[in-house]
Amino acid sequence: MASPKKVTHHQCLSLIFFTVVCQVLSYGVDPALEVNLLEAIAMTSSAATGIRQVPGYHNEGPAYSFEGGDRTLQVPEEFFDKTKKLLAATTDFTILATVKQLKRNTASLVSITAGRASTLANTVFDTTSFRNDSRFMELFMSTRNNEIRFYYQHDGKVMQESFDIEETMSDRWARIALSVSGTHVRLFYDCKEVDSRYIPQPDLRMADAELAMWIGQRGPDKTYFRGSLQDVRIVAMPQGFLAQCPSLSRDCPTCGQFQAMADGIQELEARIRTLEHKLFTAETRIEELQQCPCARSCEVSGAVREDGETWQDGCTQCTCSSGKVKCLPIKCPKLYCKNPVHEDGQCCASCKRNCTSSGLMYGHMEEYQELRSRGPTQICTTYKCMDGVATTRSSKLIHQVCATPNCPASERVSVPGHCCQFCEGMDHCSLGHTCQPPKVCTNLQTKYACHCPPGYTEVNGNCTDIDECAGEADGGLNHHCHEGTVCMNTPGGYRCDCLPGYSRLTDTTCQQINECETGQHTCHKRATCIDTDGSYQCVCRANHAGDGKSCSAVCRKQCLNGGICNQPGQCECPPGFTGEQCETDINECEVGSHNCQANSVCINLPGSYHCQCDVGYQYEEAAGCTDINECKDANTCDSSRLCNNLPGSYECLCSPSGQCLSECVVKKKRYSHDQSWDNDQCQTCTCSHGVVMCRPKECDCSRKMSDAEDYCCPECRVSTQCLHQESATVVYNDGDRWNYGCQKCRCEAGTILCEAPNCPAPNCLQTYTPVGECCPRCQVHDACDTFSIAVQGSSDMADCEHQGASYSHNQWWFLEDDQCTECICRNGNICCWYNIACSR
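Computed from a prediction, not measured in an experiment: that's the story for all the values here.

A. Geometry of the overall build of the chain. If you tally the helices and strands in the chain, you get 10 helices and 64 strands. Counting the 840 residues in the chain, one finds 34% classified as buried. Within the chain, counting contacts between residues at least 6 apart in sequence, those at least 24 apart form 43% of the total. Accessible surface, the chain: about 50700 Å² in total, of which carbon and sulfur atoms supply 49%.

B. Quick peek at the sheet that holds strand β57 (residues 751–755). Across the sheet, which stays open at both edges, the 3 strands sit in the order β55-β56-β57 with antiparallel pairing between neighbours. Every interior strand has two partners, whereas the edge strands, β55 (737–740) and β57, have only one. For this sheet, the mean inter-axis angle between neighbouring strands, taken without regard to orientation, is 30°. By the bridge criterion, 5 bridges tie strand β56 (residues 743–748) to β57 in an arrangement that is antiparallel. Along β57, the bridge assignment pairs C747 with I752.

C. Region of the structure containing the pattern of salt bridges. Scanning all chains against the criterion turns up 21 salt bridges. Taking the shortest distance from any N to any O, the salt bridge between D195 and R197 comes out at 2.5 Å. The partner of E370 in a salt bridge is R372, with the nearest N and O atoms 2.7 Å apart. Salt bridges sharing partners connect three or more residues here, namely R135, E138 and R218.

D. Structural context of the pairing of strand β52 (residues 691–696). Note: strand β51 (residues 683–688) against β52, 6 bridges, orientation antiparallel. Residue pairing for β52: S688 is matched across the bridge by V691. Hairpin geometry of β51 and β52 is characterised by an intervening segment of 2 residues between the two adjacent antiparallel strands and by a positive phi of about 55° at H689.

E. Expanded view of a nonpolar patch on the surface. Residues V486, M488 and L499 make up a contiguous nonpolar surface patch of about 200 Å² in total accessible area. Position of L499 relative to the elements: it lies in the loop between β31 (493–498) and β32 (502–504).

F. Highlighting the environment of C664. Of note, C664 is situated in strand β48 (residues 664–666). For C664, a relative accessible area of 0% gives the class buried. It is 7.7 Å that separates the C-alpha atoms of C664 and S688, two residues lying 24 residues apart in sequence. The residues touching C664, leaving out its near neighbours within four places in the chain, are T636, K669, R670, Y671, C687, S688, G690, V691 and V692.

G. Structural context of the state of the cysteines. In total, this model carries 33 disulfides according to the counting rule given. Shown here is the disulfide that connects C332 with C348, its sulfur atoms set 2.1 Å apart. Handedness of the C332-C348 disulfide follows from its S-S torsion of about -80°: it is left-handed. In this pair, C332 is assigned in the loop between β18 (324–329) and β19 (355–357) and C348 in the loop between β18 and β19, connecting sequence segments 16 residues apart.

H. The arrangement of the nonpolar core in detail. Counting 51 residues, the largest nonpolar core has L37, F66, L109, I148 and I215 as its most contacted members. Ranked by size, the runner-up nonpolar core spans 11 residues in total, among them C191, F241, L242 and C245.

I. Just the packing of aromatic side chains, in detail. One pass over the full model with this rule turns up 9 aromatic pairs. Ring centres 5.9 Å apart and planes at 75° place the aromatic pair F66 and F225 in the edge-to-face group. Here F66, found in strand β3 (residues 63–66), pairs with F225, found in the loop between β12 (211–215) and β13 (227–235); they are 159 residues apart in sequence, far enough to count as distant. Here F225 falls in the buried class, since its relative accessible area comes to 0%.

J. Examining the sheet that holds strand β23 (residues 389–397) more closely. Pairing is antiparallel in the open sheet, where 3 strands are placed in the order β21-β22-β23. Here the strands that pair on one side only, and so sit at the sheet edges, are β21 (367–374) and β23. Between one strand axis and the next, the sheet turns by 30° as a mean value, whatever way the strands run. In this structure, β21 lies alongside strand β22 (residues 377–386), joined through 8 bridges in antiparallel fashion. Bridge pairing links Q369 to T382 in β22.

K. Spatial organisation of a negative patch on the surface. A cluster of acidic residues, E483, E517, D531 and D533, forms a negative patch on the protein surface. Turning to its location among the elements, E483 is positioned in the loop between β29 (462–465) and β30 (485–490). Relative accessible area serves as the criterion here: at 69%, E483 is assigned to the exposed category.

L. Highlighting the confidence of the model for the chain. The share of residues in the chain with pLDDT of 70 or more is 81%, and the mean pLDDT across the chain is 79. The lowest-confidence element of the chain is helix α1 (residues 9–12), averaging 42 in pLDDT; the highest-confidence one is strand β4 (residues 92–101), averaging 94. Confidence drops under a pLDDT of 50 for residues 117–133, and excluding neighbours within four residues, the segment shows 19 contacts in the predicted structure. For the stretch residues 787–794, pLDDT sits under 50, and the model shows 21 contacts to residues farther than four places along the chain or on other chains.

M. Main features of the environment of Q153. Checked against the element boundaries, Q153 lands in strand β7 (residues 147–154). Residues Q153 and D203, 50 residues apart in the sequence, show an inter-C-alpha distance of 5.5 Å.

N. Expanded view of unusual backbone geometry. Of note, the bond from P437 into P438 is cis; its omega dihedral lies within 30 degrees of zero at 5°. Mapped onto the elements, P438 comes out in the loop between β25 (421–423) and β26 (440–443). Of note, the phi angle at D190 is positive, near 55°, even though the residue is not glycine. In this structure, D190 sits in the loop between β10 (184–189) and β11 (192–198). The backbone of D674 sits at a positive phi, close to 70°, despite the residue not being glycine. For D674, the position within the fold is in the loop between β49 (669–671) and β50 (676–679).

O. Up close: the side chain of D190. Taking relative accessible area as the criterion, D190 reaches 19% and is therefore assigned buried. Among the polar contacts made by the side chain of D190, one reaches the side chain of R172 at a distance of 2.7 Å. Excluding residues that lie within four positions of it along the chain, D190 makes contacts with E167, R172, W173, A174 and R175.

P. Summary view of helix α3 (residues 77–88). The end-to-end C-alpha distance of α3 is 16 Å, a good match for the 16 Å that 12 residues give at a rise of 1.5 Å each. Every buried residue of α3 is accounted for by F79, F80, T83, L86 and L87. All buried residues of α3 lie within an arc of 125° about the axis, which places them on one face of the element.

Reading the values: the criteria
Residues numbered from 1 in each chain as written. Predicted model: local features only at pLDDT ≥ 70, side-chain atom pairs only at ≥ 80, totals over all residues. Heavy atoms only, no water. Helix = DSSP H or I, 4+ residues; strand = E, 2+ residues; numbered from the N terminus. Buried < 20%, exposed > 50% of the residue type's maximum accessible area, 1.4 Å probe, protein only. Contact = heavy atoms within 4.5 Å. Areas by Shrake-Rupley, 256 points an atom, 1.4 Å probe, with all protein chains shown as cover. Pairing = 2+ DSSP bridges. Axes fitted to C-alpha atoms, helices over the stretch in contact; angles between N-to-C directions. Salt bridge = Lys/Arg side-chain N within 4 Å of Asp/Glu carboxyl O. Patch = residues over 30% accessible without salt bridge, like charges linked within 9 Å, V, L, I, M, F, W, Y side chains within 5 Å. Disulfide = S-S within 2.5 Å. Core = buried A, V, L, I, M, F, W, Y, C linked by side-chain atoms within 4.5 Å. Phe/Tyr/Trp six-rings, centres within 6.5 Å; stacked < 30°, edge-to-face > 60°. Lys, Arg positive; Asp, Glu negative; His and termini not counted. Charge placed at Lys NZ, Arg CZ, Asp CG, Glu CD. pLDDT = per-residue confidence, 0-100. Polar contact = N/O pair within 3.5 Å; in protein donor to acceptor, adjacent residues only side chain to side chain. Expected span 1.5 Å × (residues − 1). Arc of directions from axis to C-beta.

Here it is, written out as structure tokens:
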């Protein structure tokens, strides 16, 4: 039986070849598949120092504060036994925790290490004895480095995976989920995936009886956690992170599920091979049993034939074998005569009697000659042998039968059975023959004969090609083509062609080509080539997608503005854009990366820029912005003045005649000196000594403009637009409103202003926000019962102090004379809730 194959991450990225139905029926978890480690704390924390119950991130379970560095909080044996059984039976598990860690604290949240507090009681611990290799598994968190680590063992060696958290981790509640699935580990922080990577297969079977499990520390006296913990659980099921964050993606199956499916398929294959072996054994035994005297008889044409009986039916010989009739043509004996005869009513040909003459033997239907002399005359008589009787065919004079041989008498030979003499070694074929291709002419001693060449067989006097590549039943398999070749029949022969993926070694042998080593593959540069029998396979590398012939990097965030994901998680931005998603336009005019020359101004455009010539200049491709000669092309000087061109402008000089009017002429219309008028709605023009100077109307973007003003002031429209918070392609104009999450947002003068939902104050300590809602609700069903979990069974309950008043355990009161908000003291903790009846 073949050894099981390892499931690689490439196979994990190939799940589309399996039809899998994965359902998440609810957000809850079967209690049989999880270990709630805070229940273990409730059993042991009353005897531990530096641990007390506090309000948590939510009110669905107790939360505990961990203080100081002198405690031994070991998970009770029944909880640890359940953990060991769950991990040994799965390849999918998740460690969940809701954490509020103090600043600059480096500590273990959950750990399984060597050493047991029960076996080491009353012992002074030597901390040097707990080395890194004493870890079996550990979830480690550091607010000093904003880092989360996962320690595990693989083949008896301690391995480590480190995850950097970009946001601040200390003094705030955070939800952490570390999910392991076979060789795949994923870390979620506040329901956002931080990283996903492939690791060696963790060891999950704990045979060492000296291992122990700890909460908030590693071993009896190491890496104490300081802060608050809630919801510390180990969930042994695929996608266990959904128990903490049900809105996350439910893509399935996981790598662990795939590995389980692959193992199941291998088990099925082994069972099939076992069944095939049993079936072969049973068939062999049945065949042996059919050879016993009780074997079945055969019924043929109404007659019963006993098992093993043989009879002849025409020219066919039949046999009854185990109830089945097998018929084959009758085997005819091999004949040793030249002309066998098939007679009517006979299945096999037979030989007739031979004839004897002058000590020589001639077969049936064979002709021969004898030469006799009658005095000086020689007579040649021709006989034909017919079943042992020589029949005379003709008698002629020798010169009527034989021609004189064309060779000296010394080279002439006489042949028994012939009257004539022949030249020794005569080439009868060269003298002319009647052989039709593919038959070939063959010289005999006295004549020639037509024979079929090798690779052909004679059928009814014609040559028929032999198919050497045909199956054995068709007379084939007469070739020598070996592995890696295919036999191709040719007229009179065959050839051995190489199969695809093989190269020529000899005429009959081909060797496999490793296209991955020779470079004869078409895999993409970001794909891995895998050699297969006679071919190859292309598989895209991790964090890439495609068919292997074409692979593209995968970016979790979409590349915008024409950006291309060229490396996993990295967008290659087109010129003019930057940012993680190419969402930010580069202002070339501000950073100085433009090439605008003199007499021009740089104007930024999305992804580009434009060089606009100054007033009085025009763009020429070869020279750039050049001065406009208004005196040559167009000017507004009165005819009484002379136009004088200036760089970027012109002036109207008085003429030598002394007449000098200061009017401006625009399209045959005259304007006096200092007169102003509107030009094309967007410009204001003024006449100054014959020269018209126009400037754009001033735009006040801070006020509401009319439609005409808005048309003339496009820069105001751009400056007052807003981009959507998550998309650079969604643009809102000034005054537009939209919803973003639970907030109501509006665009105001280019600034996004968002308002939180107007939620009524819950007036309670413990609240929750239902999925799909924006406002928190008070928990009214036994909301405060969880505050006494850690002290059940204890008779010493602490009092509560609130606004100068003292309340005993289980005593309740209204909050600040608010008859809708009720509070209760639970072992020194105050819990309040809002009566929802007040809102009706």
